[in-house]
Amino acid sequence: MGTGTQICPQTEDVAEPFCKGASCCLLPGDTAEQLLAHWGSVTLECFGVAAPESAPWCKGGGLLCDSGFGGGSALTPLSPQTVEHGFPSQPSALAYDPWLRVMAIGTKAGAVKLYGAPGVELTGLHKETATVTQLHFLTGQGWLLSLLDDNSLHLWEIYQKEGCSHLEETRSFGLPARPGSGAAPLITRVTVILPMAPGTVACLGTEGGAVYFLALPSLVLLEDKTLLQDEILQSVPDDYRCGKALGPVECIQEHPQDAGRLLIGYSRGLVVLWDQSTRTVQHLFLGNQLESLAWEHSGKNIASSHSDGGYMVWAVGGSGQRTQQPITATVPYGPFPCKAISKILWRTCESGNPFIIFSGGMPRASYGDRHCVSVLQGQRLATLDFTSRTSCGTNPAVPGLGFPLPSSLFYFLFFIQQGFENPRALVVLVEEELVVIDLQTPGWPTIPAPYLAPLHSSAITCSYHISNVPLKLWERIVSAGEQQSPRLSSAAWPINGGKNLAQEPTQRGLLLTGHEDGTVRFWDASGVSLKPLYKLGTANIFQTDCEHNDSLNQAGEEEWPPFRKVGCFDPYSDDPRLGIQKIALCKYTAKMVVAGTAGQVLVMELNDDKSEHTVSVATVDLLQDREGFTWKGHDRLAPRNGPITFTPGFQPSVLVQCVPPAAVTAITLHSEWNLVAFGTSHGFGLFDYHRRNPVLARCTLHPNDSLAMEGPLSRVKSLKKSLRQSFRRIRKSRVSGKKRLNAGSPSSKEANAQLAEQAGPPEVEMTPVQRRIEPRSADDSLSGVVRCLYFADTFLRDATHHGPTMWAGTNSGSVFAYALEVPSQEKFSERAVEAVLGKEIQLMHRAPVVAIAVLDGRGNPLPEPYEVSRDLAKAPDMQGSHSMLISSEEQFKVFTLPKVSAKTKFKLTAHEGCRVRKVALVSLASTGTEERVENCLACLTNLGDIHIFTVPALRPQVHYSCIRKEDISGIASCVFTKHGQGFYLISPSEFERFSLSARNVTEPLCCLEVSRLQDTSCLRWVRPRAPHPPWKHPVVSILASSKGAQESPGCIWFISPRSSEEVERNMRNASEDEMRPAGILIK
Amino acid sequence: MNRSFNKSQTLRYLECSAVEVKSKFGAEFRRFSLDRYKPGKFEDFYKLILHIHHIANLEVMIGYADVHGDLLPINNDDNFFKAVSSAHPLLRVFIQRQDEVDYSNFGTNTLSRKKKALVTLRNDNLRRRPHINISMPHDFRPVSSIIDVDILPETHRRVRLYRHGCEKPLGFYIRDGTSVRVTPHGLEKVPGIFISRMVPGGLAESTGLLAVNDEVLEVNGIEVAGKTLDQVTDMMIANSHNLIITVKPANQRNNIIRSSRMSGSSGQSTDSTASHHSLPTSHVLQNFHPDEMESDEEADIVIEGGLEPQHIPKLHSLTSSSLSRINGSSLSHRLQRDLVLNNNSGRESNGSIHKLLSSLKTDPRHSLVIPRGGIEEDGTVITL
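Everything quoted here is computed from the prediction, not taken from an experiment.

## Overview of the pairing of strand E32 (residues 510-515) of chain A
Successive residues of a regular strand alternate their side chains across the two faces of the sheet. Residues and elements named next belong to chain A. By the criterion of burial, E32 is predominantly enclosed, with 6 of the 6 residues buried. Residue alternation in E32 divides its side chains into two sets, Leu510, Leu512 and Gly514 and Leu511, Thr513 and His515, and both sets are buried. Sheet topology note: the strand E30 (residues 460-466)/E32 ladder contains 6 bridges and is antiparallel. From the neighbouring strand, Cys462 faces E32, where its bridge partner is Gly514. Two elements, E32 and strand E33 (residues 519-524), share 5 bridges in a ladder whose sense is antiparallel.

If you want it as structure tokens, here you go:
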């Protein structure tokens, strides 16, 4: 049953020797018997030695063999990435389909993302990595037209497969250079795209002033319809000509009532109303340098916006008219010179004055640096200011703020109702966030978005995931979040097209992100869309220079223009010391520990009520009178004196400050013992937060370590760094200089060729990068950094008595184990916790210790505190001998306890040449039965690969390549969940979610109901390409029988061809299709 | 003399199993006999010699004259047995003080042909140089070796570097480069890893087996092809305790020409030190060898704590040094002190540390296999 369904994703893995056992049983097409035989022989052959000891634990040879029995493996095949959370990096285009109620966002990296109702997400990526400059839906038809900055047009199709919608590029088009006008390619550069009403033709306005017409969806140029500037100029009187040429086409708008007439605006200021059927100019308008045009819904008026910051309203009359005077002309933010109004929209409203909405137009001198959108309805004006707080005047030098708001990043949603448009909401996409304004509620409040959250509103410094959050804690966090930001708008999320087919999440997952400004954000990570739940600030318990009393929000009534700050993107931290480094949360007791850059460790409790109390402060000296060390880094944060008011939510009770105040590098919390352990680059400490008493402090510094005392802004380090950078720059400039030599223009090429001849042979051997081969020595710098801390109830002294222990691992491969004397619950107030050093272990390879875990007698990881006493986990086996898993950057080792002797190990670096970055013990459930759960060690390496090992046998099972190895911040940000999923940052604003488990997959499965005029699904086969592997979406098969999509009338569904003949036939059809310009094929 | 000769002769005559021994120390002779077939252990023989000559407190070297008249050492069971069994008719034993041993005599025809002119000349040459005390081979430890000569192509060389203690850095650098391979499609340029620099005085340079521009093909049995410079660097460092590099030397003139072709396939020995490294299916190696091959280095040091209850510090410990005092008496300090006590003299310090460390080890298997010099620290820098 089901064998061969779980096929090894990367067949090249089969060749990887170390996972031979794993991949053998995954060979496609094997029968169960073959599979077993395969596995059996491999087990004997390769793991003959290890088999006896691991046999009781993994019957039948291991994890993946499961697929032979239960019809599903526990590991996910193919690429583990499932969905992206957060805000797309560098968005560059926006489109909305009012019929499908779906919006599309294009990015500078060439990605296209569709969003509808929460959970409805489709993603596509252009083959070319070029900026998407424009996106246009062919309304309702499930086609999307994209324009890249390389001037190529691409048609995307939403197609159905197995009940789910997918997005795929079907064909592309490049405008041919104008015949005769050879050299300048700029002439045919597309500036404007307008898909016309029936969705069969699109107009393309170009830089050269010509307008082309393109048949859709075949993307065939309708040459006879092309409208060149000469034709316009013939019917324009001399006094209407703006110089020799009209300039590029700036705007094309279709007449709202009569599709045959087009309003074409040229850059130099001429606007014509063109009748397509008669090919005549019906009306001429002449204004200033043109930026944008908008029709009034009735078609009687038009509005034009101009580069001088003004807009004009014109009356449209009968044919043959010429108008030089508009009805009104205003410069809204005049009289001083203003910046251009890059985009204008006019929407009528049943209940009153029409909305006029425009972007830009700010007074050049005073507010020229602000990115604003103005909403004007009658006398009501709101100037929505999207500029992040610090950029307004105070800090103009900060890079990344100089970007203007591109006009395309400005869209407007509306509802057509009885001749009026009644706009519901305004959607503005700015560089770092998406803002939706509710236009139907007085005051125009914002509607919180259920997705596209700007994760990076302050830079993410760490992340932490908790699975299986108890409902009670979840509700308390949600209610704390609701009290924090009451909803101003009652409107529902307007972009709600499509149907989410994904299963309801089986458990609640909480993702916590720590930020540079000292906040911790709580996100609902249970499903496809990452929803913000609650935001916790820690800055208010410290005295910082910058109080958050921004003058912006309290701007007086009399200020002109009436600015209103919108959006929450504010990446500039007042004090870098506030940054959050580590988070730990106990989901049963709602205790949380948050540690930061200045050695601050905050112990917090969840309180549903407001509270005003004093935070007790304790200081722990981690240097322990070591001589010869003086801290050269930042000062510790000064805590505020006296009682502080805290809003409902997590409220700090104790603040522990490390001395010296170096960044906290590791923390762990044991809520049952009321203990928190924390470590920095100097040592580690143990604190009893019940008695508010330090228990232990231990210095781990090596006497020769000079760098540890430098702090984050070290002069030594920065000098080293800057030297290294300048060398790199020199090397780079050499390389790029060579490149430029090849890419230069013809004239410079000649000059360069002469130069090159003088300089000698062009193949100059660059000094290669070389690496020193030297093992780590004991006195390497930063060897004392505490990398991990761990609490466990295990056997440290002898094999008969177990008790609380604490473990600490350092950068130089040392492990310290302490036996703790924790009094019973009743005596907690009377007796103090005691810690006694039990063991010190020095790993001979001296690699940094990344993680420590204790496994019980059955080889399972020990449960979390309270899990057993609350019947949420099986009690650990305290009879059998425990073992300890130490993971260093180079190898994994399992030791026996209490007598520490090596049991098994795997030397990853020695074999693979990669180093361990992140590890986690994950439990993977089989797709067949949930009961069959196996504990594995998941490991992310510095090459971005994820390896899975069995525990405690440490047998490699499988590995995936997950993150690009150049993406260092992505690798550093990775966090694993308990059940085999994980997150990492793919940009400062986006988390990629991946899944190692075939059972726990969170990926968008959705359906969009497309009403297509013609079925051209065969278009997708024009370009031969690899068909989707059948195993790509393991969950799909379960959900294949989804309803709704198939029942809707008028839809023609594409069924993927089964046989190769059918593919061929489709191909042939498609190529014939290309011959015929109309290109219509109806099945 | 006469009497004993007669006695010995009678003995030899009567029971052929007895071997007469004539032992000379300085100007003194002693005579005794040994059983030809059961000579016993070298240790006992050594004690007997010291006892007979009444030199119990001296360190001596024992040598004997073989059938050709060469002076050969007796310093283990094997050569002792050889000496006894080949004695004909009697075994002549020469005893020298350890510090007076003239090693140049060993193995040469010192006894019978000393007077020959050529030998004299050479000895004179030697004598003109300052006297260097060269110890016996067993006093050396290997720093490098060429292994698997019989199974590698002659153009390749597999070098094993033994890194003992911290005295010498490994001392080389690697870089990216391109190498030319012969493929079915002709010559092809492929990326490769090369040795780029040798640190003067480093281990790599001092062995003379690696040189700049040698192409690195394998690291501890794992092919380097397809791996980045950083990966190879990490692999080498991870294996630095027992680094086996297979290189294609840039200079191909010093290759070992082996005669195995003549002797046919039977000439392929299988018992060379690490021959299973070169099995063509390297995955077997990967799955297999960790324990057998590398346990010699992996002796992590575990120190058991006293587990005596300690004084617990009070609050407001910002200025108090109570914590430091507690932790100051930690195990590492004790260990360091012990190590210092045990460090008698330079040459022996390593051994004593190793004894100490292996006695500290909880795992008997590890304490058995721990090699001399396998631990990276010397006495003063152990930081635990």
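The rest of the description comes next.
## Side note on a nonpolar patch on the surface
A cluster of nonpolar side chains, contributed by Val180(B), Val182(B) and Leu187(B), occupies part of the molecular surface with about 330 Å² of accessible area. What makes Val182(B) exposed here is its relative accessible area of 72%.

## Focus: the UniProt feature "repeat: WD" (unreviewed entry) in chain A
According to UniProt, the "repeat: WD" (unreviewed entry) feature falls on residues 510-524 of chain A. Within the segment residues 510-524 of chain A, helix and strand shares are 0% and 80% respectively, and the terminal C-alpha atoms sit 5 Å apart.

## Brief notes about the pattern of salt bridges
Following the criterion strictly, the structure yields 27 salt bridges over all chains and no others. Among the ionic pairs, Arg797(A) bridges to Glu821(A), the shortest N-O distance being 3.3 Å. Taken together, the positions of Arg797(A) in the loop between strand E48 (786-794) and strand E49 (803-810) and Glu821(A) in strand E50 (residues 814-821) put the pair 24 residues apart, joining distant regions of the chain. In this structure Glu821(A) comes out as partly exposed when scored by relative accessible area, which is 33%. Here Glu218(B) makes a salt bridge to Arg158(B), at a shortest N to O gap of 2.9 Å. In this pair, Glu218(B) is assigned in strand E10 (residues 215-219) and Arg158(B) in strand E7 (residues 157-162), connecting sequence segments 60 residues apart.

## Section: the pairing of strand E58 (residues 945-950) of chain A
Residue and element names in this part refer to chain A. Extensive coverage of E58 is indicated by the burial of 6 of its 6 residues. Here E58 shows no split at all, with Asp945, His947 and Phe949 on one side and Ile946, Ile948 and Thr950 on the other all buried. Bridge count for strand E57 (residues 933-941) against E58 is 5 bridges, and the pairing is antiparallel. Directly across from Cys936, in E58, lies its bridge partner Thr950.

## A word on the sheet that holds strand E43 (residues 666-670) of chain A
All names here are of chain A. Strand order in the open sheet formed by 4 strands is E43-E44-E45-E46, and the pairing between neighbours is antiparallel. The sheet is open, and its two edges are formed by E43 and strand E46 (693-699), each paired on a single side. Adjacent strand axes in the sheet meet at a mean angle of 10° when their direction is disregarded. The pairing of strand E45 (residues 683-688) with E46 spans 6 bridges and is antiparallel.

## Remarks on the sheet that holds strand E5 (residues 121-125) of chain A
Residue and element names in this part refer to chain A. Read across the open sheet, the 4 strands follow the order E2-E3-E4-E5; overall the sheet is antiparallel. On the outer flanks of this sheet lie strand E2 (91-97) and E5, each paired with one strand and no other. Across the sheet, the mean angle separating the axes of adjacent strands is 15° when strand polarity is ignored. Taken together, the 4 bridges between strand E3 (residues 102-107) and strand E4 (residues 111-115) define a ladder with antiparallel strand orientation. Pairing of Ile105 across the sheet is with Lys113, part of E4.

Here is what the cut-offs are and how they apply
- Residues numbered from 1 in each chain as written.
- Chains lettered and ligands numbered in written order.
- Predicted model: local features only at pLDDT ≥ 70, side-chain atom pairs only at ≥ 80, totals over all residues.
- Heavy atoms only, no water.
- Buried < 20%, exposed > 50% of the residue type's maximum accessible area, 1.4 Å probe, protein only.
- Helix = DSSP H or I, 4+ residues; strand = E, 2+ residues; numbered from the N terminus.
- Pairing = 2+ DSSP bridges.
- Patch = residues over 30% accessible without salt bridge, like charges linked within 9 Å, V, L, I, M, F, W, Y side chains within 5 Å.
- Areas by Shrake-Rupley, 256 points an atom, 1.4 Å probe, with all protein chains shown as cover.
- Salt bridge = Lys/Arg side-chain N within 4 Å of Asp/Glu carboxyl O.
- UniProt positions renumbered as here; feature names shortened; annotations may be inferred.
- Axes fitted to C-alpha atoms, helices over the stretch in contact; angles between N-to-C directions.

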